Amino acid sequence: MSVLTVSDLRVSFRQDGQLIPAVKGVSFSVDRGETVALVGESGSGKSVTALSTVSLLGASAEVTGSVTYAGQEMIGADDKRLRQVRGNDISFIFQEPMTSLNPLHTLEKQLRESLELHQALTGDAAQARIVELLERVGIRDAASRLGAYPHQLSGGQRQRVMIAMALANKPDILIADEPTTALDVTIQAQILELLANLKRDEGMGLLFITHDLGIVRRIADKVCVMKDGEIVEAGKVDEVFAAPKHDYTRKLLGAQAVGKPAPVPEGAEVVAETQDLRVWFPIQKGFLKRTVGHVKAVNSATLKVRAGETLGVVGESGSGKTTLALAIMRLIASQGQISFVGEDVHGWSTRDLRKRRAQMQIVFQDPFGSLSPRMTCAQIIAEGLGVHGNPGGRPQRELVAEVMEEVGLNPATMDRYPHEFSGGQRQRIAIARAMILRPKLVVLDEPTSALDMTVQVQIVDLLRDLQVKYGLAYLFISHDLHVVRAMSHRVLVMKDGDVVEAGEAESIFTAPQTEYARTLLAASMEGKAEAEAG
């Protein structure tokens, strides 16, 4: 008998007097000790389906069909029954732990809350259970970390704490909603292994929501492929991957950034160059704020990127990738030599720097967080023209329409706001905002990690096309090594602020010289190999 059974689930949301369907007749089941993956692009209904299992959708949702846990109906269940099940019998792990953990409470307080509510554990017994849970999920020296706050932990550690909270009451079903999307490949591999071990040891069912088929092939027993609120294909993972029947499944399986960037033109000018670049942040203590040490974010980084060339920068969170880019753009203080198109960056006055900002642009990871919700698409894209001027004297809307067409957006939508666009479209707006100024150097800081696999492929193709058209130099920061390989001519590998390896992209990917680079590649390529197996 299945622990969780979903039958003909239908969910609609009331909006402006209308019902907007989000889930349309979804059915599946999860057995004890089994992993079922819900796969699909953003907006396919995966998360809505998961939240429906314990009625977490809110008052605007209209839910019909059946969701049974241990034979008992959850749709229409009273609040007392739902409170008993939520976090106790069915637990959740979400994508971004910083939005799920309370920043004002210690780890101990947040874990203790669940134990007191569902198990009536207090005092020393609760503390002992908390330490046991943290150790179980791989938090080192757990007893000494009880007083830590979420911001004092790394991304991987915060996700482990979320897993510990979810396991606190030994649930029968664990629902993991994109729990590894924002993590580095090595941390992602650790979390996936942890979840697999916990599922086996605890005998619980796992409902895993993701858009990454490499992860599905790695950990799931069954897969349900969702599109537009419907399951278009379902079955055992090996069978679906080996012989997909639906066109959409085949499209998802084929969605992998492939190919190589166009060769760098002969004699291309050096756009940005550093020699022994160093960024150390002082640690100050006492009333007089005396410097007692330094956080060594970047140590002695030497690099060069030419027009039409992409330098990929890879490494785990905290390795110094973004700090390096910000220093090159002179957004943070640094020591060492930095030159931009042959000029010493440190020699620029504030006025000189302002004039050259148009030639140095940046595209961030989160296309929603980096766009003002109060500005239209046209206002966002044209913002730089208002700061740096419009040398050609052409009407702004004409320039906006032109660059929107270049990045694959319909100019007729330029008066819409960011929330009216999809994630991929929002990232295209961010790219258009950078490109309208015709820069020489573009820093791309994790520009595809928040996007679905099919959209990632589109963005990579777009960036490569724009690079060829305008001879752009890219500094491409990412933890997704598949995308880095498809984008980069050269690669820089960073660890703890040090450049541990640098060279031609193919050489790094086929014959890495350092143990750390081999570890990164192994963690990334394992998922790819398993996704392509069969």
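What you see is a predicted model; the values in this text were computed from it and never measured.

What counts, and at which threshold
Residues numbered from 1 in each chain as written. Predicted model: local features only at pLDDT ≥ 70, side-chain atom pairs only at ≥ 80, totals over all residues. Heavy atoms only, no water. Core = buried A, V, L, I, M, F, W, Y, C linked by side-chain atoms within 4.5 Å. Buried < 20%, exposed > 50% of the residue type's maximum accessible area, 1.4 Å probe, protein only. Contact = heavy atoms within 4.5 Å. Helix = DSSP H or I, 4+ residues; strand = E, 2+ residues; numbered from the N terminus. Pairing = 2+ DSSP bridges. Axes fitted to C-alpha atoms, helices over the stretch in contact; angles between N-to-C directions. Polar contact = N/O pair within 3.5 Å; in protein donor to acceptor, adjacent residues only side chain to side chain. Parallel < 35°, antiparallel > 145°, perpendicular 65-115°, else oblique. Left-handed = near helix turned anticlockwise from the far one by under 90°. Nonpolar A, V, L, I, M, F, W, Y, C, P; charged D, E, K, R; others polar. pLDDT = per-residue confidence, 0-100. Expected span 1.5 Å × (residues − 1). Phe/Tyr/Trp six-rings, centres within 6.5 Å; stacked < 30°, edge-to-face > 60°.

Peer 1: Hey, could you go over the nonpolar core for me, with residue numbers and the actual values?
Peer 2: Of all hydrophobic cores here, the largest spans 57 residues; its most connected members are Ile-381, Ile-431 and Tyr-474. Apart from the residues lying within four places of it in its own chain, the contact partners of Tyr-474 are Val-305, Glu-309, Thr-310, Leu-311, Met-435, Val-442, Leu-444, Leu-463, Leu-466, Gln-467 and Met-487. The next biggest cluster of nonpolar side chains, apart from the first, holds 36 residues, and it includes Ile-93, Leu-111, Leu-115 and Leu-167.

Peer 1: Tell me about helix H13 (residues 377–388), residues and numbers included.
Peer 2: Residues of H13 that are buried: Cys-377, Ala-378, Ile-380, Ile-381, Ala-382, Gly-384 and Leu-385. Where the residues of H13 are buried, they touch helix H14 (396–406) and helix H15 (423–435). With its phi angle positive at about 90 degrees, Gly-389 sits one or two positions after the end of H13.

Peer 1: I'd love a proper account of the sheet that holds strand S8 (residues 205–210), names of residues and values included.
Peer 2: Read from one edge to the other, the open sheet built from six strands follows the order S6-S7-S8-S3-S9-S10, with strand pairing classed as mixed. Of all strands in the sheet, those with a lone pairing partner are strand S6 (90–93) and strand S10 (230–236), marking the two edges. On average, each strand axis in the sheet is tilted by 15 degrees relative to the strand beside it, whichever way the strands run. Note that strand S3 (residues 35–39) and strand S9 (residues 222–227) share four bridges and pair parallel. Across the sheet, the residue bridging to Val-36 is Lys-222, located in S9. Lying on the sheet, helix H6 (residues 155–167) is in contact with S6 and strand S7 (173–177); it crosses S6 at an angle near 175 degrees. The strands touched by helix H7 (residues 185–202) within the sheet are S3, S6, S7 and S8, with S8 carrying the most contacts at an inclination of about 155 degrees.

Peer 1: Outline the pairing of strand S4 (residues 61–69), listing residues and values.
Peer 2: Judged from the eight bridges that link them, strand S1 (residues 4–15) and S4 form a sheet pairing that is antiparallel. Across the sheet, the residue bridging to Thr-5 is Thr-68, located in S4. Here S4 runs beside strand S5 (residues 72–73); their pairing, made up of two bridges, is antiparallel. Each residue of the ladder has a partner; that of Tyr-69, found in S5, is Gln-72. Turn length for the S4-S5 hairpin, with the two strands adjacent in sequence and antiparallel, is two residues, and the turn residue Ala-70 shows positive phi of about 50 degrees.

Peer 1: A description of the side chain of Asn-299 should follow, citing residues and the corresponding values.
Peer 2: In this structure, Asn-299 sits in strand S12 (residues 290–306). Within the structure, the side chain of Asn-299 is placed 2.7 Å from the side chain of Trp-280, a separation counted as a polar contact. If sequence neighbours within four positions are ignored, Asn-299 has contacts with Leu-277, Arg-278, Trp-280, Asp-496, Gly-497 and Asp-498.

Peer 1: Describe the packing of H13 against H15, with residues and values.
Peer 2: Look at H13 against H15: their axes get within 7 Å of each other, and the N-to-C directions meet at 30 degrees. In this view, H13 runs roughly parallel relative to H15, as classed from their interaxial angle. Handedness of the crossing formed by H13 with H15: right-handed. On H15, the residues that touch Cys-377, Ile-380, Ile-381 and Glu-383 of H13 are Ile-429, Ala-432 and Arg-433. Split into classes, the residues belonging to the contact of H13 with H15 amount to five nonpolar, no polar and two charged.

Peer 1: Residues and numbers for the confidence of the model for the chain, please.
Peer 2: Per-residue confidence for the chain gives a mean pLDDT of 88; residues scoring 70 or more make up 97%. Confidence drops under pLDDT 50 across residues 527–534; counting only partners more than four residues distant or on other chains, this segment forms 10 contacts.

Peer 1: Account for H6, naming residues and giving values.
Peer 2: Spanning 13 residues, H6 covers 19 Å between terminal C-alpha atoms, matching the ideal 18 Å at 1.5 Å per step. Among the residues making up H6, those that are buried are Gly-156, Arg-158, Gln-159, Arg-160, Val-161, Met-162, Ile-163, Ala-164, Ala-166 and Leu-167.

Peer 1: Can you tell me about the packing of aromatic side chains, naming the residues and giving the values?
Peer 2: Scanning all chains against the criterion turns up two aromatic pairs. Judged by centre distance (5.5 Å) and plane angle (10 degrees), the ring pair of Phe-92 and Phe-94 falls under stacked. Under the relative-accessibility criterion, Phe-94 is labelled partly exposed at 28%. Both rings, one in Phe-340 and one in Trp-348, keep their centres 6.1 Å apart while their planes meet at 80 degrees; by these two values the pair is edge-to-face. When its relative accessible area of 3% is taken as the criterion, Phe-340 is described as buried. Taking relative accessible area as the criterion, Trp-348 reaches 7% and is therefore assigned buried.

Peer 1: Report on unusual backbone geometry, specifying residues and quantitative values.
Peer 2: Unusually for a residue other than glycine, Glu-178 sits at a positive phi of about 50 degrees. Following the sequence through the fold, Glu-178 ends up in the loop between S7 and H7. Of the residues examined, Glu-178 reaches a relative accessible area of 8% and is grouped as buried. For Asp-228, which is not glycine, the phi dihedral falls at a positive 50 degrees. Following the sequence through the fold, Asp-228 ends up in the loop between S9 and S10. Using a relative accessible area of 46% as the deciding quantity, one classes Asp-228 as partly exposed.

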